[in-house]
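Below are the chains, spelled out letter by letter.
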There are 2 protein chains.
Amino acid sequence: MIKNDLFLRALKGETVQRPPVWMMRQAGRYLPDFMKLKEKYDFFTRCRTPELATEITVMPIEQVGTDAAILFSDILVVPQAMDIEVEMKQGVGPWLPNPVNSEKRVEAAIVPDVNETLGYVYDAIKLTKQALNDEVPLIGFAGSPWTIFCYAVQGQGSKNFDKAKAMCFSRPDLAHTLLQKITDTTIAYLKGKIDAGVDALQVFDSWGGMLSPVDYQEFSWQYIQQIVDALKDHIPVIVFGKGCWFALEKMSKSGAAALGVDWTCSPRNARAFTNNSITLQGNFDPSRLLSPPKDITKMVHQMIDEFGKDKYIANLGHGILPNIPVEHAKAFVEAVKSYPDR
Amino acid sequence: MIKNDLFLRALKGETVQRPPVWMMRQAGRYLPDFMKLKEKYDFFTRCRTPELATEITVMPIEQVGTDAAILFSDILVVPQAMDIEVEMKQGVGPWLPNPVNSEKRVEAAIVPDVNETLGYVYDAIKLTKQALNDEVPLIGFAGSPWTIFCYAVQGQGSKNFDKAKAMCFSRPDLAHTLLQKITDTTIAYLKGKIDAGVDALQVFDSWGGMLSPVDYQEFSWQYIQQIVDALKDHIPVIVFGKGCWFALEKMSKSGAAALGVDWTCSPRNARAFTNNSITLQGNFDPSRLLSPPKDITKMVHQMIDEFGKDKYIANLGHGILPNIPVEHAKAFVEAVKSYPDR
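Below is a short write-up of the structure. The residue numbering used here restarts from 1 in each chain and proceeds along that chain's sequence as written. Numbering of ligands from 1 and lettering of chains from A proceed in the order in which they are written. Under the rules for a predicted model, residues below a pLDDT of 70 receive no local features and side-chain atom pairs below 80 are neither given nor counted, while totals for whole chains, interfaces and linings still include all residues.

1. Some points on the overall build of chain A
Secondary structure assignment for chain A yields 16 helices and nine strands. Every radius of gyration here is taken over C-alpha atoms, with the globule rule written as 2.2 Å times N^0.38, N being the number of residues. Its C-alpha atoms give chain A a radius of gyration of 19 Å, within 12% of the compact-globule value 20 Å for 342 residues. For the C-alpha atoms alone, the extent of chain A along its principal axes is close to 60 × 45 × 35 Å. As a rule, residues whose C-beta atom has 12 or fewer other C-beta atoms within 10 Å are exposed, those with 20 or more are buried, and those in between are partly exposed; C-beta atoms are placed from the backbone. Within chain A, the fraction of its 342 residues that count as buried is 53%. Contact definition: two residues whose C-beta atoms, as placed from backbone geometry, lie within 7 Å. Pairs at least 24 apart in sequence give 75% of the contacts found in chain A among residues at least 6 apart. Elements are defined by DSSP. Helices are runs of H or I of four residues or more, strands are runs of E of two residues or more, and each kind is numbered from the N terminus.

Right, here's the structure in full:
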């Protein structure tokens, strides 16, 4: 039994005294202790070494006091497992020396045995669960097939992922073959995470908002729905689609336990688009954590007022920025915790 | 009198046989003749030489057959006129060696005499009007104050313009001082464009969609409203806010003649958000021009069906991409022109 089960109760839609709070990318980036580890170990070493992943995952629970932990890892471990090489390049970010930009390369991508290729993630989950000692739940995650596809085809981050979209629009057959391989791998990967002990799962669709509503259904949503279908009877699944306000209604009927929203979608719009039928998570502008702490407190209380304290998980609308002072991150978390007494 | 006045009639909301069509960034980038000029003259030379700006502006009218011309220029000529240095760096894009990131630099930014600093734009307008010979209307444009502010403070393009947002949220007083200076300059600049002979104006708010609805009102919309207020009795003003679906209702009551929408906002949503009260412009995904021409034709006809042929200007949802084959751009324009006979 998890001692602090606020997060799991909010996912079930139960009435709570205050909403739970966690922050996307909370496991690092802005924490000085994380930055020290970053100097000593490169990115994928941190992902692949269970002791390091555990240490980073637990940090924000101890130092900032969030109500849930999210495993330190990366969405790009999935293409790596599919035999698609991924590096993390200083100043560039994800870098794929051989983008999947041809029929031959789409064919070469494999649906791997996840225990062989991603066993280190499962080891990290088991070790983290021990370290957390049932204090708070542990969230596992994966990128959406579309978001992984974007990096796999483009070969790096991009303003508009034009090469990825070009494959969809000029060779939809190839695009769907690759998307299905990513989906199959992701489902197996997330089932393994459930077996290893995570308490909830989140699918990150970082780039779904670059598609038109029609193209979103074809190239992103249908694959996320496959993932939700495969997992929803086993564990609560949160789907976060950045910029995907236009799909919220359909997403609310998917069987997901909760939906993440970004800060461009007001709480009122998010509740209206989902017919107030589902737990929502979000949506503080990460840049707004640069405001003075007293402003943060006020804005967080207003955000909770607008979403309502039930069926709600307080979070940012996207990942925390590396330049946020720790005191400001703490102010965010404390504001949620003080909500009932304000 | 303009011979092809479809565009101006759509701006007035008149009944038309088919919608007018033009493309954002149509003046160049994807046209081989433009690429030849690009090899010979650097970016700001092309902007500052009326003969070159005219040649580029007229190109898509002759080669692709759009119903309106848009002056070849750049939104960053405004900060240049304000004594903020702007370069166009190969492979980087806009590059400001001295970003406006301090109180001292905000103070140093001037509201210039636009005739002195931007007279070359007015000369280009006069020459272009002669070259167009009243065949089609000429659109002038400016960036929104917020979008100019983003570049001025950040110093270059950015995924999230974190430095620009940081100034807004930590030093709102400074941010508003700079935004007001940009607004004052922009109003004077656009009044000069009217005097020089443009037939309509468009304000591009490329980065408004990165703000929450509340912050959008404070840091972007109130300044755009000042511009609309100053110009609307003299000329039709189109406001295009990329990602600004959440503000469409308010924008529809601003006095603007038309609103641009991007491809993430379906025609049905755009009409609903604006209570079907205003001319809309958009919203074909620029990447969708990579589809085969026969698919483009079908999708364009569907787009017109969904927006309705009246109170509508067919366009892309953002600028045309440089790698679009000219035949595909022509297919887009031809699809609009063939709409009544399909």
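2. Some words on the interface of chain A and chain B
Chain A puts 21 residues into the contact, and the matching count from chain B is 21 residues. If you tally residues by element for the side of chain A that touches chain B, the top one is helix α10 (residues 162-170) of chain A, at five residues. All residues other than Ala, Val, Leu, Ile, Met, Phe, Trp, Tyr, Cys, Pro, Asp, Glu, Lys and Arg, Gly among them, are scored as polar; the first ten of these are nonpolar and the last four charged. The residue inventory of the side of chain A that touches chain B, partitioned by class, reads seven nonpolar, 10 polar and four charged.

3. Topic: the relation of the copies chain A and chain B
With an RMSD of 0.0 Å, the operation that places chain A on chain B is a rotation of 180° combined with a shift of 0.0 Å along the axis. Both copies are brought into coincidence by an operation consistent with a two-fold rotation axis. Relative to the rotation axis, the C-alpha of A:K159 is the closest in chain A, positioned 3.5 Å from it. A shared binding surface is used by both copies, with 100% of the interface residues of chain A retained as interface residues in chain B. The least-squares superposition of copies is restricted to C-alpha atoms, and to residues with a pLDDT of at least 70 in both copies.

4. What about the sheet that holds strand β4 (residues 138-143) of chain B?
Note on sheets: strands pair through backbone hydrogen bonds, and any given pair is parallel or antiparallel. Residues and elements named next belong to chain B. Two strands qualify as a pair provided DSSP detects at least 2 bridges between them. Pairing in this open sheet of seven strands is parallel, and the strands run β1-β4-β5-β6-β7-β8-β9 from one edge to the other. Of all strands in the sheet, those bounded by a partner on one side alone are β1 (69-70) and β9 (312-316). The sheet contact formed by strand β8 (residues 279-284) and β9 spans five bridges and is parallel. Paired with L280 across the two strands is Y312, which belongs to β9.

5. Quick notes on the packing of helix α8 (residues 145-154) of chain B against helix α10 (residues 172-196) of chain B
All names here are of chain B. Note on geometry: axes are C-alpha line fits, over the in-contact stretch for helices, and angles between N-to-C directions span 0 to 180 degrees. Axis separation between α8 and α10 bottoms out at 9 Å; the angle between their running directions is 120°. By the angle between their directions, the pair α8 and α10 is classed as oblique. Note on packing geometry: the crossing formed by α8 with α10 is right-handed. Residue-level contacts link P145, W146, I148, F149 and A152 of α8 to L178, L179, I182, T183 and T186 of α10. Should an angle lie under 35 degrees it is considered roughly parallel, over 145 roughly antiparallel, and from 65 to 115 roughly perpendicular; all remaining angles are considered oblique. A crossing counts as left-handed when the near helix is turned anticlockwise from the far one by less than a right angle, and as right-handed when that turn is clockwise.

6. Here's the deal with the environment of B:V78
All names here are of chain B. Mapping V78 onto the fold places it in helix α5 (residues 77-81). Counting along the chain gives 122 residues from V78 to A200, while the straight-line C-alpha distance between them is 18 Å. If we ignore the near neighbours within four places in the chain, the residues touching V78 are A142, G143, I148, I182, T185, T186 and Y189.

7. Overview of the pairing of strand β5 (residues 200-205) of chain A
Residue and element names in this part refer to chain A. Of all six residues in β5, six are buried; the element is thus mostly enclosed. By the alternation rule, side chains of β5 split into A200, Q202 and F204 and L201, V203 and D205, which are all buried. In this sheet, β5 lies alongside strand β4 (residues 138-143) in parallel orientation, the contact comprising five bridges. Each bridged residue has a counterpart across the sheet, and for I139 the counterpart in β5 is A200. Two strands pair when backbone bridges link them, and β5 and strand β6 (residues 237-241) are joined in this way by five bridges, in the parallel orientation. Across the sheet, D205 pairs through a bridge with G241, a residue of β6.

8. Points about the pairing of strand β8 (residues 279-284) of chain A
Residues and elements named next belong to chain A. Where burial is concerned, most of β8 is hidden: six out of the six residues are buried. Orient the strands so they point away from the viewer, and a crossover whose first-strand-to-second-strand path over the helix runs clockwise is right-handed. Crossover handedness for the path strand β7 (residues 258-260) to helix α14 (residues 267-273) to β8: right-handed. Regarding topology, helix α15 (residues 293-307) serves as the crossover connection from β8 to the parallel strand β9 (residues 312-316), and that connection is right-handed.

9. Things to note about the sheet that holds β4(A)
Residues and elements named next belong to chain A. On the basis of which strands lie adjacent, the open sheet formed by seven strands has the order β1-β4-β5-β6-β7-β8-β9 and parallel pairing. The open sheet has two free edges, formed respectively by β1 (69-70) and β9, since each of these has just one partner strand. With respect to the sheet, helix α11 (residues 172-196) is in contact with β4 and β5, its orientation differing from that of β4 by roughly 170°.

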